[in-house]
Amino acid sequence: MPGLKLIEEFLNTVDERRFRRHGENHVARDQLSSPQALSDWLEAHDLGSQPADLAAATTLRTALRQSLLGGSESKNGAVLADYPLRLAPGDAGELRLASDSGRPWLDAIVETVAAGAATGDWKRIKLCAAEDCRWAFYDTSRSGRGRWCSMEVCGNRHKTRTYRERRSASGGPDLGSVDADERA
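Notes on the structure follow. Note that the structure is predicted; figures quoted are calculated from it, not measured. (Residues numbered from 1 in each chain as written. Predicted model: local features only at pLDDT ≥ 70, side-chain atom pairs only at ≥ 80, totals over all residues. Heavy atoms only, no water.)

It is worth spelling out the overall build of the protein at this point. Helices and strands together make up the secondary structure of the protein, namely 7 helices and 8 strands. Counting only residues that meet the buried cut, the protein has 38% of its 184 residues in that class. Looking at the protein alone, contacts between residues at least 24 apart form 44% of all its contacts between residues at least 6 apart. A total accessible area of about 10700 Å² is found for the protein, and carbon and sulfur atoms account for 50% of it. (Helix = DSSP H or I, 4+ residues; strand = E, 2+ residues; numbered from the N terminus. Buried < 20%, exposed > 50% of the residue type's maximum accessible area, 1.4 Å probe, protein only. Contact = heavy atoms within 4.5 Å. Areas by Shrake-Rupley, 256 points an atom, 1.4 Å probe, with all protein chains shown as cover.)

Structural data, given as structure tokens:
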């Protein structure tokens, strides 16, 4: 999981959350808004201080996020094909998956994803099922069927919303005018 923590953080450099919590709207943002911002992020994650290619980073991030949504049949297959892997000798003589894009920081991300896919750990990286969240998280549930980045926030909002819909459909009492998103 340590390597996949890097991937989780890379995927979360774009924050698409747009829900309301405790009376405040969450403001979506993109940490990789400029080449300098990308360079700062790479340096903070020990991926070097070489010139950063913002377009390459956002293209890879988008393709990885889309693949987590099940979009691998779309153009992502072509985008991910731009990151070929090969077998290379490791430090102790073992074999490892290696990428050679000419950008060491990009290769580190691609190699980490490939290693996670090879071990089966990649399937535990997910995007929150809440349409207004989509935060990337590592699913630590025993069954590997976790759906929400936070059961306390997104899971609770979903369950509250579903409960209210069932109550409303069955003609149950009105539970007030406060939106489920505001209660969570």
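Before going further, it helps to spend a moment on the environment of Arg61. Along the chain, the position of Arg61 falls in helix 3 (residues 54-68). Put simply, Arg61 and Ile109 are 48 residues apart on the chain and 9.8 Å apart in space, counted from C-alpha to C-alpha. In contact with Arg61, not counting residues within four places along its chain, are Phe10, Leu11, Thr13, Val14, Asp30 and Leu32.

Another aspect to go through is helix 3. With 15 residues, helix 3 extends 21 Å between its outermost C-alpha atoms, agreeing within 8% with the 21 Å of an ideal straight helix rising 1.5 Å per residue. Along helix 3, the positions that sit buried rather than exposed are Leu54, Ala56, Ala57, Leu60, Arg61, Ala63, Leu64, Arg65 and Ser67. One or two steps after helix 3, the chain reaches Gly70, where phi turns positive at roughly 90°. (Expected span 1.5 Å × (residues − 1).)

Moving on, we get to the pattern of salt bridges. Applying the stated criterion to the full structure yields 8 salt bridges. One salt bridge connects Glu111 with Arg96, and the closest N-O pair in it is separated by 3.3 Å. Of this pair, Glu111 sits in helix 5 (residues 104-119) while Arg96 sits in strand 6 (residues 95-99); the two residues are 15 residues apart in sequence, bridging distant segments of the chain. Here Glu131 and Arg134 are joined by a salt bridge, their closest N and O atoms 2.8 Å apart. For Glu131, a relative accessible area of 55% translates into the label exposed. For Arg134, a relative accessible area of 16% gives the class buried. (Salt bridge = Lys/Arg side-chain N within 4 Å of Asp/Glu carboxyl O.)

In terms of nonpolar packing, the biggest core is built from 26 residues, with Phe10, Leu60 and Trp105 touching the most fellow members. Breaking this core down by element, the ones donating at least two residues are helix 1 (2-11), helix 2 (35-44), helix 3, helix 5, strand 7 (125-127) and strand 8 (136-138). Those residues in contact with Leu60, other than ones at most four positions away along the chain, are Phe10, Leu80, Tyr83, Leu106, Ile109 and Val110. Counting residues in each nonpolar core, the second largest holds 7 residues, with Phe19, Ala130, Cys133 and Cys154 among its members. (Core = buried A, V, L, I, M, F, W, Y, C linked by side-chain atoms within 4.5 Å.)

Counted by the stated rule, this structure contains 1 aromatic pair. An angle of 50° between the planes, with centres 5.8 Å apart, marks the rings of Phe10 and Trp41 as tilted. Placement of the pair is Phe10 in helix 1 and Trp41 in helix 2, with a sequence separation of 31 residues. A relative accessible area of 0% means that Phe10 is categorised as buried. A relative accessible area of 8% means that Trp41 is categorised as buried. Its guanidinium or amino end placed over the ring of Trp135, Arg17 lies 4.0 Å from that ring's centre, counting from NZ or CZ. (Phe/Tyr/Trp six-rings, centres within 6.5 Å; stacked < 30°, edge-to-face > 60°. Lys NZ or Arg CZ within 6 Å of the ring centre and 35° of its normal.)

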